[in-house]
Amino acid sequence: MNGINDFMNQVIARNPGEKEFHQAVHEVVESVWDVYTKNPRYLRARILERMTEPERVIIFRVPWVNDRGEVQINRGYRVEFSSAIGPYKGGLRFHPSVTLSILKFLGFEQTFKNSLTTLPMGGGKGGSDFNPKGKTDNEIMHFCQSFMNELYRHIGPNTDVPAGDIGVGGREIGYLFGQYKRLKNEFTGVLTGKGINWGGSLIRPEATGFGAVYFTQQMLKEIGKDIEGHTFGVSGFGNVAWGAIIKINELGGKVVTISGPDGFIIDKEGIAGDKVEYLLELRASNNDVVEPYAEEYGAKFIPNQRPWSYPVDIALPCACENELNIEDAKQLVKNGCFLVAETSNMGCTYDAVEYLNKSLVYAPGKAVNAGGVAVSGLEMSQNSMRYNWTREEVDNRLHIIMGEIHQTCKQYGTSNNKTNYLLGANIGGFVKVADAMLSQGVV
Ligand code: 2IT
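Residues numbered from 1 in each chain as written. Predicted model: local features only at pLDDT ≥ 70, side-chain atom pairs only at ≥ 80, totals over all residues. Heavy atoms only, no water.

Asks: Provide a residue-level description of the site of the ligand, including the pertinent values.
Replies: Surrounding the ligand, one finds 13 residues, the nearest of these being K89, K113, D165, R204 and S376. A distance of 2.7 Å separates an oxygen atom of the ligand from a polar atom in the side chain of K89. With respect to the ligand, the side chain of S376 contributes an N or O atom lying 2.5 Å from an oxygen atom. Broken down by secondary-structure element, the contributors of at least two residues to the shell around the ligand are β3 (88-94), α5 (100-116), β5 (160-164) and α15 (370-385). When residues in the shell around the ligand are grouped by element, the largest group, three residues, is from β3. Counted by class, the shell around the ligand contains two nonpolar, six polar and five charged residues. (Near = heavy atom within 4 Å. Polar contact = N/O pair within 3.5 Å; in protein donor to acceptor, adjacent residues only side chain to side chain. Helix = DSSP H or I, 4+ residues; strand = E, 2+ residues; numbered from the N terminus. Nonpolar A, V, L, I, M, F, W, Y, C, P; charged D, E, K, R; others polar.)

Next up, the structure:
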């Protein structure tokens, strides 16, 4: 225990004020400490010290001109965390909350998540404090072009392959790709999440949500249950929530909540059919609010609250980091919730994770949401082959990958016939990266 404290004190001293990064590191270090300290080769090679230091961080100015002709300045980042098992891979986030700490935590998590996918991808993350809310299409295009004017020097199909995250969807990937192509005079798989007619993969938009539900299905199977007939509390209303809701409905579950920064929606009838497609309209409006859903469908809107007070069997946090705290966790358990599949990255606070992990069946984001980046990996494979797989082919592979991640969690996290998914995901993700680092020497 002392060892963990000492280690964390060093991480905190080297990365002052980066509390999200500290949180992500702490969670992984707690899980892998025994495996780490029992392996003299890991210790000698100082694997954990190396893993908690990004290989490279790029920070740059992003100047652009808005529709009124005014010059705007944002900050752009790319955190290239680990290339131990493949090119840096991970999304770009455009949101005012973006800081170096947020992107370091995301890049760190991504490294273990990508390792779990079974595909050869290292970890990275990037983005900007740019706020897409209320921006016109023209402004978004100009911002993306300026962002790529610097980023293009640092990325490449064999070096670093960014994708979307919060605030970066198909439209933004299109503008970023267009600018990369103009600057490099190359049509390559340098970004994933591309449009279907220009190098994208089928199922990529749905993949994070679909994968999360396939993983949930496996967790339920372990306890003799199924999706069918259960109620689901979902947070968020973006791409991830959308994909998860489609698949939950398909498998006979009922989703009764979604949420936005303005509050949450209770729809007792279930969010299905046209209502699911309406989420895409809400997102495309660029207003970042969920309240219009209540007006459109006569559902209830609860302002300024999170959805976790509403009783459900299963909760899928699909919004952002630390969106579910210890009080929320206690409320969920009190209301009879028996499974939390964290679908956002680090969606639960540190104490909420501890509590949930001993009170119900919990799995961490790096396992549950890995389907998104897994299908990005499949997009890279298709780009390399200059070939496109069918929906069925991609969906099948996604299914297999989520099954393998579940298996890895069981392999590394099971004792006394009970699977600790937190331990399993963290150790399973860690061991592969650590062994690759040992093989490649001190580089
Ligand atoms: O958090 C994530 O895994 C993503 N935003 C997707 C990253 C990717 O490269 O597809």
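Asks: Requested: an account of the side chain of N66, with residues and values cited.
Replies: Looking at where N66 falls in the secondary structure, it is placed in the loop between β1 (56-65) and β2 (71-82). A distance of 2.9 Å separates the side chain of N66 from the backbone nitrogen of R68, its partner in a polar contact. When near neighbours in sequence (up to four residues on either side) are disregarded, N66 contacts Q72 and E139. (Contact = heavy atoms within 4.5 Å.)

Asks: Would you mind going over the sheet that holds strand β6 (residues 231-234) in detail, with residue names and values included?
Replies: Strand pairing in a sheet takes place through backbone hydrogen bonds and is either antiparallel or parallel in direction. Spatially, seven strands are ordered β9-β8-β7-β6-β10-β11-β12 in an open sheet, and the strand pairing comes out mixed. A single partner strand is all that each edge strand has here, and the edge strands are β9 (300-303) and β12 (361-363). Across this sheet, the average inter-strand angle for adjacent strands is 15 degrees, counted without regard to direction. As defined by bridge partners, strand β10 (residues 314-316) adjoins strand β11 (residues 339-341) across two bridges and the pair is classed as parallel. Residue pairing for β11: I314 is matched across the bridge by L339. Against the sheet, helix α8 (residues 204-222) contacts β6, β10, β11 and β12, and its axis sits at roughly 150 degrees relative to β11. (Pairing = 2+ DSSP bridges. Axes fitted to C-alpha atoms, helices over the stretch in contact; angles between N-to-C directions.)

Asks: Outline the environment of G273, supporting the account with residue identities and numerical values.
Replies: Relative to the helices and strands, G273 is located in the loop between β8 (263-266) and α10 (274-284). In this structure G273 comes out as exposed when scored by relative accessible area, which is 53%. Through-space distance from the C-alpha of G273 to that of L251 is 14 Å; in sequence the pair is 22 residues apart. (Buried < 20%, exposed > 50% of the residue type's maximum accessible area, 1.4 Å probe, protein only.)

Asks: With reference to specific residues and values, describe α8.
Replies: Here α8 is 19 residues long and its end C-alpha atoms lie 27 Å apart, about the 27 Å a rise of 1.5 Å per residue gives. Of all the bends in α8, the greatest, near 30 degrees, is centred on F210. When you tally the buried positions in α8, you get 14 out of 19 residues, the bulk of the element. Note on α8: the residue one or two positions beyond its end, G224, has a positive phi of about 70 degrees. (Expected span 1.5 Å × (residues − 1). Bend = angle between axes of the 7 residues up to and from the residue.)

Without other data, these values stay purely geometric and don't point to any function.
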